[in-house]
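As a plain string of letters, each chain reads:
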Amino acid sequence: TQLLEQSPQFLSIQEGENLTVYCNSSSVFSSLQWYRQEPGEGPVLLVTVVTGGEVKKLKRLTFQFGDARKDSSLHITAAQPGDTGLYLCAGPPSNDYKLSFGAGTTVTVRA
Amino acid sequence: GAVVSQHPSWVICKSGTSVKIECRSLDFQATTMFWYRQFPKQSLMLMATSNEGSKATYEQGVEKDKFLINHASLTLSTLTVTSAHPEDSSFYICSAPTSGLLYEQYFGPGTRLTVT
């Protein structure tokens with residue numbers, strides 16, 4: 001059983017469209033990280049959110065951490081083909097330091 | 001971001017042989033490193049926590065005698081898959097935190113192991 005549930009599992013959109021990926025849990029997390037992974041490579045850390053209700057922006061990417069620190073979302077505005085990849089949310093449950101990963105969302109942005 | 005390297009990037013070995021995978025933190029010291037395994041189209045599963053100068057901590061269900069971990073220095077951890085079998089074929093990835101925040105981890109590029 002995964003602590004973090006990601007949705008959707010797959011997302012295919014046209015260049016220029018917006019997309020949102022969700023990461024939900026019934027457990028409280030002390031922080032959540034978002035990673036992007038390309039085939040045959042390791043995950044690359046995009047952002048860490050720590051405070052409940054926090055919103056962080058990274059160019060066209062907006063990350064939110066829920067008030068109760070049980071959920072997070074990643075929103076991409078005007079997606080580009082370079083945004084294609086596997087997006088993973090991960091975090092340590094509040095009583096642990098080890099990362100628990102979501103199953104991932106495969107995003108494909110068509111030119 | 002911080003740089004973590006892995007070597008080799010891919011390896012093919014015969015069933016019954018052992019394979020060593022190295023994980024290095026290139027621009028920082030890491031007293032703790034983590035080893036993950038990832039099957040095709042699946043997420044990462046933590047195998048073990050590697051601690052410099054002490055024994056590794058293995059997750060439930062991971063055979064410590066099969067997956068030997070050594071963290072000999074502050075920049076190097078090794079994972080040795082002993083007596084490899086085809087079911088050990090997978091993508092192995094290490095990570096290391098750069099600060100006291102153990103959850104903020106930087107990942108290596110991964111090692112693709114194929115056992116024939």
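(A) Highlighting the overall build of chain B. A tally of helices and strands in chain B yields zero helices and eleven strands. Listed by position from the N terminus, the elements making up chain B come as β-β-β-β-β-β-β-β-β-β-β. Relative to the 2.2 N^0.38 estimate, which gives 13 Å for 116 residues, the radius of gyration of chain B is 13 Å and therefore close to what a compact globule would have. Dimensions of chain B along its principal axes, counting C-alpha atoms only, are 40 × 25 × 20 Å. Looking at chain B as a whole, 51% of its 116 residues qualify as buried. Taking contacts inside chain B between residues at least 6 apart in sequence as the whole, the part at least 24 apart equals 54%. About 5,600 Å² of surface is accessible on chain B, with carbon and sulfur atoms providing 53% of the total. Looking at chain B, you have 9 positive and 9 negative side-chain charges, and the mean spots of the two groups are 7 Å apart.

(B) Structural context of the overall build of chain A. The number of helices and strands found in chain A is zero helices and eleven strands. Seen in sequence order, chain A has helices and strands lined up from the N terminus as β-β-β-β-β-β-β-β-β-β-β. What you see for chain A is a C-alpha radius of gyration of 13 Å, in line with the 13 Å of a compact globule of 111 residues. The dimensions of chain A, computed from C-alpha atoms along their principal axes, are 45 × 30 × 20 Å. Scored against the burial criterion, the 111 residues of chain A give a buried share of 45%. Accessible surface for chain A amounts to roughly 5,200 Å². Of this, 49% is attributable to carbon and sulfur atoms. One way to put it: in chain A the 9 positive side-chain charges average out to a point 4 Å from where the 10 negative ones average out.

(C) Region of the structure containing the nonpolar core. Core analysis: the largest hydrophobic core is formed by 39 residues, its most contacted members being Tyr 35 and Phe 101 of chain A together with Tyr 36 and Leu 113 of chain B. With five residues, strand E9 (residues 90–97) of chain B is the single largest residue contributor to this core. Grouped together as the second largest cluster of nonpolar side chains are 20 residues, Leu 19, Val 49, Ala 79 and Cys 89 of chain A included.

(D) A look at unusual backbone geometry. The residue after Ser 7 of chain A, namely Pro 8 of chain A, is reached through a cis peptide bond having omega -10°. On the secondary structure map, Pro 8 of chain A appears in the loop between strand E1 (5–7) and strand E2 (10–14). Here His 7 of chain B and Pro 8 of chain B are connected by a cis peptide whose omega angle stands at 0°. Among the structural elements, Pro 8 of chain B can be located in the loop between strand E1 (4–7) and strand E2 (10–13). Not every positive phi belongs to a glycine, and Lys 41 of chain B is a case in point at roughly 60°. Take Lys 41 of chain B: its relative accessible area is 83%, and that puts it in the exposed class. Even without being glycine, Ser 83 of chain B reaches a positive phi, approximately 45°.

(E) Representation of the interface of chain B and chain A within the structure. The interface is formed by 18 residues belonging to chain B together with 21 residues belonging to chain A. Contact between chain B and chain A buries roughly 1,500 Å² in total, counting both sides, with carbon and sulfur atoms accounting for 61%. Sorting the residues of chain B by area buried against chain A places Ser 43, Tyr 103 and Phe 107 of chain B first, and these three jointly supply 35% of that buried surface. At the junction of chain B with chain A, the criterion picks out one salt bridge. Across the salt bridge formed by Glu 59 of chain B and Lys 98 of chain A, the nearest N and O atoms sit 2.9 Å from each other. Applying the counting criterion to the chain B and chain A interface returns six residue pairs in polar contact (both at pLDDT 80 or more). The set of elements that each furnish at least two residues to the side of chain B that touches chain A consists of strand E4 (32–38), strand E5 (44–51), E9 and strand E10 (105–107) of chain B. When the residues that make up the side of chain B that touches chain A are grouped by side-chain class, the tally is eleven nonpolar, five polar and two charged.

The rules behind these values
Residues numbered from 1 in each chain as written. Chains lettered and ligands numbered in written order. Predicted model: local features only at pLDDT ≥ 70, side-chain atom pairs only at ≥ 80, totals over all residues. Heavy atoms only, no water. Helix = DSSP H or I, 4+ residues; strand = E, 2+ residues; numbered from the N terminus. Rg over C-alpha atoms; globule rule 2.2 N^0.38 Å. Buried < 20%, exposed > 50% of the residue type's maximum accessible area, 1.4 Å probe, protein only. Contact = heavy atoms within 4.5 Å. Areas by Shrake-Rupley, 256 points an atom, 1.4 Å probe, with all protein chains shown as cover. Lys, Arg positive; Asp, Glu negative; His and termini not counted. Charge placed at Lys NZ, Arg CZ, Asp CG, Glu CD. Core = buried A, V, L, I, M, F, W, Y, C linked by side-chain atoms within 4.5 Å. Buried area = accessible area lost by both parts, 1.4 Å probe. Salt bridge = Lys/Arg side-chain N within 4 Å of Asp/Glu carboxyl O. Polar contact = N/O pair within 3.5 Å; in protein donor to acceptor, adjacent residues only side chain to side chain. Nonpolar A, V, L, I, M, F, W, Y, C, P; charged D, E, K, R; others polar.

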